[in-house]
Amino acid sequence: MPTTDELKDRIEAAIPESRADVEDLTGGGGDHFRATVVSPAFAGLSRIDQHKLVYDVFGADIGGPIHALSLSTRTE
Amino acid sequence: MSATENPIRDAITEAITEHDVLLFMKGTPEQPACGFSARTVAALEALGAPFAAVDILPDPRIRQELSGLSNWPTIPQLFVRGELVGGCDIITEMYETGELASVLGVAAPDEAPDTAPAAVEPGAPAPLQIDTDGLRPPTPGR
């Protein structure tokens, strides 16, 4: 079962200079998360491409152990 | 990508090509089967934008092929003029900023609410079917 800390660590390790705030929207159920990710790596990318960068961190885990991951991405 | 290799992917590609605004969702616009799909439908309905919808639930291969094609892991997925615009988060955000109306070429509401409305207006278009029963590879040797 993924935890908010695990998701945060994976995002911050994979995306340069990123800061991630991850909430568990199921209140501890651990399969439906919301992440707000701030990174200069998003500059110049469309929203789709920004979100893809984050989804790519988790690959097939999205839709698997991580049922849903709501995203909000910003450059600063 | 030829018709003989992957008929479901071909049917998805064809649907995306043929419809200017196409939503892949869980359930139908009248009866969304997931809150994310419902919110996305509500944003489109609130703008009065005509759209076609495909229910991905009847056959798991539809979702599998769609995500392979779009490189996007979750449902719903909104395509406008052949391009993936986003899922629920992006569509909701674009609705709130007025960008969705602009992308869809419709007038923005006079007073955009803070969040996309939860209720779906009646009168949504009939859902499009990806008919997987009819999607068999052609008989070899014909």
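As the structure is a prediction and not an experimental result, all values here were calculated from the model.

Caption draft 1: Quick look at the packing of aromatic side chains. Enumeration according to the criterion identifies two aromatic pairs over all chains in this entry. An angle of 90° between the planes, with centres 4.9 Å apart, marks the rings of Tyr-55 of chain A and Trp-72 of chain B as edge-to-face. On the criterion of chain membership, the pair formed by Tyr-55 of chain A in helix α2 (residues 47-58) and Trp-72 of chain B in the loop between α3 (60-70) and β3 (77-80) is interchain, its members lying in two chains. Assessed through its relative accessible area of 2%, Trp-72 of chain B is described here as buried. Judged by centre distance (5.7 Å) and plane angle (80°), the ring pair of Phe-24 of chain B and Phe-79 of chain B falls under edge-to-face. You can see Phe-24 of chain B sitting in strand β1 (residues 21-25) and its partner Phe-79 of chain B sitting in strand β3, a full 55 residues away along the chain. Exposure remark for Phe-79 of chain B: the relative accessible area of 5% places this residue in the buried category.

Caption draft 2: View of the layout of surface pockets. Here the largest pocket is characterised by a volume of approximately 230 Å³. As for the largest pocket, its lining consists of 18 residues, of which Ala-68 of chain A together with Phe-36, Thr-74, Ile-75 and Pro-76 of chain B are closest to the centre. Elements represented by at least two residues in the lining of the largest pocket include exactly α2 and β3 (68-74) of chain A together with α4 (88-97) of chain B. Of the residues contributing to the lining of the largest pocket, the split by class is 10 nonpolar, five polar and three charged. In this structure, the second largest pocket encloses a volume near 160 Å³. Lining of the second largest pocket is provided by Tyr-55, Asp-56, Gly-59, Ala-60, Ile-62 and Gly-63 of chain A together with Arg-63, Ser-67, Asn-71, Trp-72 and Pro-73 of chain B. Elements that contribute at least two residues to the lining of the second largest pocket include exactly α2 of chain A together with α3 of chain B. Split by residue class, the lining of the second largest pocket holds five nonpolar, four polar and two charged.

Caption draft 3: Region of the structure containing the packing of helix α1 (residues 4-14) of chain A against α2 of chain A. Residue and element names in this part refer to chain A. Relative orientation of the contacting elements α1 and α2 amounts to 115°, with a least axis distance of 10 Å. Classified by chirality, the crossing of α2 by α1 is right-handed. Between α1 and α2, the contacting residues are Leu-7, Arg-10, Ile-11 and Ala-14 on the first element and Val-54, Val-57 and Phe-58 on the second. Broken down by class, the residue content of the contact of α1 with α2 amounts to six nonpolar, no polar and one charged.

Criteria and thresholds
- Residues numbered from 1 in each chain as written.
- Chains lettered and ligands numbered in written order.
- Predicted model: local features only at pLDDT ≥ 70, side-chain atom pairs only at ≥ 80, totals over all residues.
- Heavy atoms only, no water.
- Phe/Tyr/Trp six-rings, centres within 6.5 Å; stacked < 30°, edge-to-face > 60°.
- Helix = DSSP H or I, 4+ residues; strand = E, 2+ residues; numbered from the N terminus.
- Buried < 20%, exposed > 50% of the residue type's maximum accessible area, 1.4 Å probe, protein only.
- 1 Å grid on protein atoms, 1.4 Å probe; cavity = no way out; pocket = protein on both sides within 12 Å on 5 of 7 lines; lining within 4 Å.
- Points joined across faces, edges and corners; volume = space filled by probe spheres on them.
- Nonpolar A, V, L, I, M, F, W, Y, C, P; charged D, E, K, R; others polar.
- Axes fitted to C-alpha atoms, helices over the stretch in contact; angles between N-to-C directions.
- Left-handed = near helix turned anticlockwise from the far one by under 90°.
- Contact = heavy atoms within 4.5 Å.

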